[in-house]
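Survey of secondary and tertiary structure
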Amino acid sequence: MPSLVGPARSAGSLRALAQPHLDLDDGLVLRPWLAADADVVKRAFDCPDVQRWHVRRMDGLAEARAWVGEWARRWEAETDGSWAVAGRADDRPVGQVGLRMISLGVASAHLSYWVVPEARGAGVAVRATRAVARWSFDVLGLHRLVLQHSTANSASCRVAAKLGFAVEGTERGAARHADGWHDMHVHGRLRTDPPF
């Protein structure tokens, strides 16, 4: 049965773009992941907070290298993208921000992020997520971005609020974490919303 509505963004829109480097305002840059970043990724996923909210751990550097190497394939497949949040001076990652579940047909994606413990509390997640959101709207041409988090994750809720993502509701028992089922807050932002 034919659709009466064409895709909002055509297939190939993402892979036609080289993954950009995005400068933040304070000595940080967003850049594609490098093989040399595997040790930072492994250490980040050793953190109990990252494990709790991302429901994942890494058992060795080989697994971290595979995680890093997977992002170029996902960009090419137009399903996901991930940036390392790195210091401009030392190029050492302090976090991650990414687009998940990219759907060019409806011009939407979900956002994810984490920050290593020693860089928390400085607004890194807010600044990095804002930069990826702006790029997603202004360059990739997405219409909608979604940010979801456990209702128990107050830090992620603060990030969403600071970015002007409207609270759209709560999905009951929508995600399974190590400690059981969690309700999930859903926040959304449209390209047509007031500027950041």
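Use the structure listed above.
Residues numbered from 1 in each chain as written. Predicted model: local features only at pLDDT ≥ 70, side-chain atom pairs only at ≥ 80, totals over all residues. Heavy atoms only, no water.

Considering the nonpolar core
As a reminder, the rule being used: Among buried residues, the Ala, Val, Leu, Ile, Met, Phe, Trp, Tyr and Cys ones that are joined through side-chain atoms within 4.5 Å form a nonpolar core. Per-residue accessibility, obtained with a 1.4 Å probe over protein chains only, is compared with the maximum for each type, and a residue is labelled buried under 20%, exposed over 50%, and partly exposed between these values. Segments assigned H or I by DSSP are reported as helices when at least four residues long, segments assigned E as strands when at least two residues long, and all are numbered from the N terminus.
Counting residues in each nonpolar core, the largest one holds 51 residues, and the members touching the most others are Leu-30, Trp-67, Trp-83, Val-85, Leu-99 and Leu-145. Ranked by the residues each element gives to this core, the list is headed by helix α4 (residues 124-140), at 10 residues.

Quick notes on the sheet that holds strand β6 (residues 144-150)
Rules: For two strands to be treated as a pair, DSSP must find no fewer than two bridges joining them. Any two residues whose heavy atoms approach within 4.5 Å at even a single point are treated as in contact. Axis lines are fitted to C-alpha atoms, over the contacting stretch for helices. Their N-to-C directions set the angle, which ranges from 0 to 180 degrees.
Pairing within the open sheet is mixed, and its 8 strands lie in the order β1-β2-β3-β4-β5-β6-β8-β7. The open sheet has two free edges, formed respectively by β1 (22-23) and β7 (166-177), since each of these has just one partner strand. For β1 and strand β2 (residues 28-31), the ladder comprises 2 bridges, and the chain directions are antiparallel. Bridge assignment links Asp-23 to a residue of β2, and that residue is Val-29. Packing against the sheet, helix α5 (residues 154-162) makes contact with β5 (108-115), β6 and β8 (180-190), and its axis sits at approximately 155° to β6.

As for the pattern of salt bridges
The criterion, for reference: By convention in these notes, a salt bridge is any Lys or Arg side-chain nitrogen within 4 Å of a carboxyl oxygen on Asp or Glu.
By the definition in use, this model includes 14 salt bridges. With a closest N to O distance of 2.7 Å, Asp-91 and Arg-31 form a salt bridge. Of this pair, Asp-91 sits in the loop between β3 (81-87) and β4 (93-103) while Arg-31 sits in strand β2; the two residues are 60 residues apart in sequence, bridging distant segments of the chain. A salt bridge links Glu-70 to Arg-73, with the shortest nitrogen-to-oxygen separation between them at 2.4 Å. Residue Glu-70 and its partner Arg-73 are located together in helix α3 (residues 61-77), separated by 3 residues, close to a single helical turn. A network of salt bridges, in which partner residues are shared, links Arg-31, Asp-37 and Asp-91.

With respect to the packing of aromatic side chains
Selection rule: Only rings of Phe, Tyr and Trp enter the pairing, Trp through its six-membered ring, and a pair is recorded when the two centres are within 6.5 Å. The plane angle decides the type: under 30 degrees is stacked, over 60 is edge-to-face, the rest tilted. Criterion for a charge above a ring: Lys NZ or Arg CZ within 6 Å of the ring centre, and within 35 degrees of the ring normal.
Applying the stated criterion across every chain yields a total of 9 aromatic pairs. Aromatic pair Phe-45 and Trp-114: ring centres 5.7 Å apart, planes at 75°, arrangement edge-to-face. With a gap of 69 residues between them, Phe-45 in the loop between α1 (38-44) and α2 (48-54) and Trp-114 in strand β5 connect regions that are remote in the sequence. The exposure classification of Phe-45 matches that of Trp-114, with both residues buried. Where Trp-67 meets Trp-114, the ring centres are 6.4 Å apart and the plane angle is 45°; that geometry is what we call tilted. With a gap of 47 residues between them, Trp-67 in helix α3 and Trp-114 in strand β5 connect regions that are remote in the sequence. By relative accessible area, which is 8% here, Trp-67 ends up buried. Every member of this aromatic cluster is reached through a ring pair, and the members are Trp-33, Phe-45, Trp-67, Trp-71 and Trp-114. Its end group placed over the ring of Trp-71, Arg-74 keeps NZ or CZ at 4.6 Å from the ring centre. Here the basic side chain of Arg-189 rests over the ring of Phe-196, its NZ or CZ set 3.9 Å away from the ring centre.

A short note on the environment of Val-116
Positionally, Val-116 belongs in the loop between β5 and α4. On the basis of relative accessibility, which here comes to 1%, the residue Val-116 falls in the buried class. For the pair Val-116 and Cys-47, spaced 69 residues apart in sequence, the C-alpha to C-alpha distance is 7.8 Å. With near-sequence residues (within four places) excluded, Val-116 lies in contact with Ala-44 and Val-94.

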